[in-house]
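# Geometric and topological summary
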Amino acid sequence: MSEHQHEHASGMGHSHDLDPALFSDYAATSEPMGLIMTLHITFMVAAFGILYPTGMVLGLAKNRWHVPVQILASTLFVIGLFLAHAHNGRNYEPHIAHRWFADIVIWAVLSQFILGVYLKLHIERGIHGKIRPILVKVHKILGAAIPIIGYVQIMLGVIATLGFCYGDHTGQCLAHFIMGSSFVAYGIIMLLILRVGGPWLLRNGKSQEWYDSWVITLWGIVNTFTEHRWGHPWNHGDYQHTSMGIIWWAAGIVGIVLSRKGKRSVIPSILIILTAVSFQGHAQHVANSGAIHSYFGYMLMAGGISRIVEICFVWKEGEFDISPWQYIPPLTLILAGLLFMGSTEEQLGLLSILDIDVGSYSNVLLSFGFVVFFFAYVLIYLWEHLTSYPASTHHHNGYTEVDHETLISGSSFLEDDDDEDDAVELKETNRRANMSAGNSS
């Protein structure tokens, strides 16, 4: 540690203006984090990892606890923000992504808070009545975006805390966190569609595989032209990632064609399996990297195979209950994503220094994966409970089967209605319909 860094570590607070030349291999100094920074991390994880997502679900369900939970989350956020500027000990390179992305987080939370207060006042005269529907839509979109923005900032915070993803390690680190997060998001979306996405899919006449194939195609096109630094010599990593981009958009096009008109398709699942095989064959620069990448490959392959089994054998048209098997694909995708995010070169190098074996480390990563799946399931179940959504009674094509009235109501969380008193009450509606039918007979 340099004399400059040592002098700084002995005082309270920290500087945003340290010379970047002080940082060579890592973007953080070697001092301990300290209590204040630990509290900053705790408050931010509680706000963005738990409270804001919970508040979003309460808002979609038009529940009276939405505002108190959002206020509590914002309070923890503000306290955590001040703590970030008051800690001593470990310091960080002045241009790290966690630092500049904080401005985006602050403006997003502030905008959402101001919009929420304005809409709560119900000012609807004159121009206010005309712009209100637009602001309601913006408020919903921003409310759904804040947990995602918060997730990005939490990941950047983890990276910043360890000083990783700096210098020559930035590229492979970004690849692991972006791809790993994509698999986690895919698993959560798959779980969401399985539980409550049926009305929206049925209304649009599309299968999930049709949307999956479009995302795969577009992602493949981006990877094809961005993985190689044009003007520089090609290396084995460029060949691996660019070829993977090519097969993604090629397979994605096939998937789009085969999943037209609401047809189920196994192409996305086959591509997941091929991606797993490809990752298992990637050349690695760290001794223990091959083991965890193989573990990731097997988990990803399990997700693809279980999805094929579900589509071809488990799903039966006319059988409406969700099978336990259908939870395997989203769970394995989330677990695979956590394994991949935890397998960067620097992380695995740290394992060697600390003498931690890959098996124990993988168990910790998988534990986080189970926690993510559990929390996602709890949030979905909370929305089902608060809106009396009939999640397990009737399904169609592997998704919830509902009549036309329920179909529209079940997708109401995507609409612009901001009336707090008309939360969907599907079970009550169905109960009244059944009673009327019984009386008429």
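Numbering of residues starts from 1 in each chain and follows the order in which that chain's sequence is written. For a predicted model such as this one, the threshold for reporting local features is a pLDDT of at least 70, and the threshold for listing and counting side-chain atom pairs is 80 or more; totals across whole chains, interfaces and linings nevertheless cover every residue. Excluded from the side-chain calculation are hydrogens and water; included are all heavy atoms of the structure.

Turning our attention to the overall build of the chain. A run of DSSP states H or I qualifies as a helix once it reaches four residues; a run of E qualifies as a strand once it reaches two. Both are numbered from the N-terminal end. Within the chain, the regular secondary structure consists of 16 helices and two strands. Accessible area is worked out with a 1.4 Å probe on protein chains only. A residue is then buried under 20% of its type maximum, exposed over 50%, and partly exposed in between. Residues counted as buried form 44% of the 441 residues belonging to the chain. The long-range fraction of contacts in the chain, counting pairs at least 24 apart against all pairs at least 6 apart in sequence, stands at 78%. Looking at the chain as shown, the accessible area adds up to about 22,700 Å², and 67% of this sits on carbon and sulfur atoms. Residues count as neighbours in contact if any of their non-hydrogen atoms are within 4.5 Å of one another. Only the protein chains shown count as cover for residues, with accessible areas throughout obtained via the Shrake-Rupley method and a probe of 1.4 Å.

Attention now moves to the nonpolar core. The biggest cluster of nonpolar side chains holds 50 residues, and the ones touching the most others in it are Phe296, Leu300 and Leu333. Counting residues per element, the ones that place at least two in this core are helix 6 (170-196), helix 9 (236-258), helix 10 (267-280), helix 11 (289-314), helix 12 (328-341), helix 13 (345-354) and helix 14 (358-387). The residues touching leucine 300, leaving out its near neighbours within four places in the chain, are Phe183, Ile272, Thr275, Ala276, Leu333 and Ala336. Throughout this description, the term nonpolar core refers to a set of buried Ala, Val, Leu, Ile, Met, Phe, Trp, Tyr and Cys residues connected via side-chain atoms within 4.5 Å. Ala47, Val69, Ala73 and Val109 belong to the second largest nonpolar core, which has 18 residues in total.

The next point concerns a nonpolar patch on the surface. Patch definition: residues with relative accessible area over 30% and no salt bridge; like charges joined within 9 Å; nonpolar side chains (Val, Leu, Ile, Met, Phe, Trp, Tyr) joined within 5 Å. Salt bridge, as used here: a side-chain nitrogen of Lys or Arg that lies within 4 Å of a carboxyl oxygen of Asp or Glu. A cluster of nonpolar side chains, Trp214, Leu218, Ile221, Phe225, Ile246, Trp249, Ile253, Val254, Val257 and Leu258, forms an exposed patch at the surface whose accessible area comes to about 900 Å². Contributing elements (two or more residues each) for the nonpolar patch: helix 8 (208-226) and helix 9. When residues of the nonpolar patch are assigned to their parent elements, the largest contribution, six residues, is made by helix 9. Inspection of the secondary structure assignment puts valine 254 in helix 9.

This next bit is on the packing of aromatic side chains. Describing an aromatic ring pair means giving the distance of the ring centres and the angle of the ring planes. Only Phe, Tyr and Trp rings take part, Trp by its six-membered ring, and two of them pair if their centres are within 6.5 Å. Stacked means planes under 30 degrees apart, edge-to-face means over 60, and tilted covers everything else. What the rule picks out here adds up to ten aromatic pairs. The interplanar angle of 10 degrees and the centroid separation of 6.4 Å between the aromatic rings of tyrosine 377 and tyrosine 381 together place this pair among those described as stacked. Taken together, the residues span about one helical turn, with tyrosine 377 and tyrosine 381 both in helix 14 at a distance of four residues. Under the relative-accessibility criterion, tyrosine 377 is labelled partly exposed at 27%. Assessed through its relative accessible area of 46%, tyrosine 381 is described here as partly exposed. Three or more aromatic residues joined by ring pairs make a cluster, and in this case those are Phe48, Tyr52 and Phe77. Consider the ring centre and the ring normal. A charge sits over the ring if Lys NZ or Arg CZ is within 6 Å of that centre and within 35 degrees of that normal. In this structure, lysine 206 packs its charged tip against the face of tryptophan 210, placed 4.3 Å from the ring centre.

The tally for this structure, following the rule as stated, stands at six salt bridges. Residue glutamate 384 is joined to arginine 195 by a salt bridge in which the shortest nitrogen-to-oxygen separation is 2.7 Å. With glutamate 384 in helix 14 and arginine 195 in helix 6, the pair connects residues that are 189 residues apart, well separated along the chain. Where arginine 307 meets glutamate 209, a salt bridge forms, and the shortest distance between an N and an O atom there is 2.9 Å. Highlighted residues: arginine 307 in helix 11 and glutamate 209 in helix 8, separated in sequence by 98 residues. For arginine 307, a relative accessible area of 7% corresponds to the buried category. Classification of glutamate 209 as buried rests on a relative accessible area of 1%. Connected via shared salt-bridge partners are Glu209, Arg264, Arg307 and Glu310.

To continue, consider the side chain of serine 306. Note on placement: serine 306 falls in helix 11. A polar side-chain atom of serine 306 sits 2.8 Å from the main-chain carbonyl oxygen of alanine 302. Leaving out residues up to four positions away in the same chain, serine 306 has contacts with Trp325, Ile328, Pro329 and Thr332. Contacts described as polar in this section are N or O atom pairs within 3.5 Å, which, within protein, must combine one atom able to donate a hydrogen with one able to accept it, while residues neighboring in sequence count only if both atoms come from side chains.

Listed as buried for helix 13 are Glu346, Gln347, Leu348 and Leu351. Its buried side turned inward, helix 13 meets helix 6, helix 11, helix 12 and helix 14. Aspartate 355, located one to two residues past helix 13, shows a positive phi value of around 60 degrees.

Angles shown run from 0 to 180 degrees and are taken between the N-to-C directions of axes, each axis being a line fitted to C-alpha atoms and, for helices, limited to the stretch in contact. One way to put it is that helix 2 (residues 35-60) packs onto helix 3 (residues 66-84) with a least axis distance of 8 Å and a crossing angle of 160 degrees. Overall, the two elements helix 2 and helix 3 adopt an arrangement that is roughly antiparallel. Regarding helix 2 and helix 3, the two cross each other, and that crossing is left-handed. When residue character is reported, Ala, Val, Leu, Ile, Met, Phe, Trp, Tyr, Cys and Pro are called nonpolar, Asp, Glu, Lys and Arg charged, and the others, Gly included, polar. Split into classes, the residues belonging to the contact of helix 2 with helix 3 amount to 20 nonpolar, seven polar and no charged. For this classification, under 35 degrees means roughly parallel, over 145 means roughly antiparallel, 65 to 115 means roughly perpendicular, and everything else is oblique. By the definition used in this description, the sense in which the near helix is turned from the far one sets the handedness, with an anticlockwise turn below a right angle giving left-handed and a clockwise turn giving right-handed.

Looking at the secondary structure, you find methionine 155 in helix 5 (residues 127-162). Once the C-alpha coordinates of methionine 155 and serine 181 are considered, the two residues, 26 residues apart in sequence, prove to be 9.6 Å apart. Sequence-distant contacts of methionine 155, that is, excluding residues within four places in its chain, are made with Phe177 and Met341.

Confidence of the prediction at every residue is given by pLDDT, a number between 0 and 100. Of all residues in the chain, 74% attain a pLDDT of 70 or more, and the chain-wide mean is 79. Helix 1 (residues 3-9) is the least confidently modelled element of the chain, averaging 42 in pLDDT, while helix 12 averages 95, the highest of any element. Contacts of residues 1-13 to residues separated by more than four positions or lying in other chains number 25 contacts, the stretch itself having pLDDT below 50. Across residues 391-438, where pLDDT falls below 50, the model places 92 contacts with residues more than four positions away in sequence or in other chains.

What follows covers unusual backbone geometry. Its identity as a non-glycine residue notwithstanding, lysine 62 has a phi of 55 degrees, on the positive side. By relative accessible area, which is 19% here, lysine 62 ends up buried.

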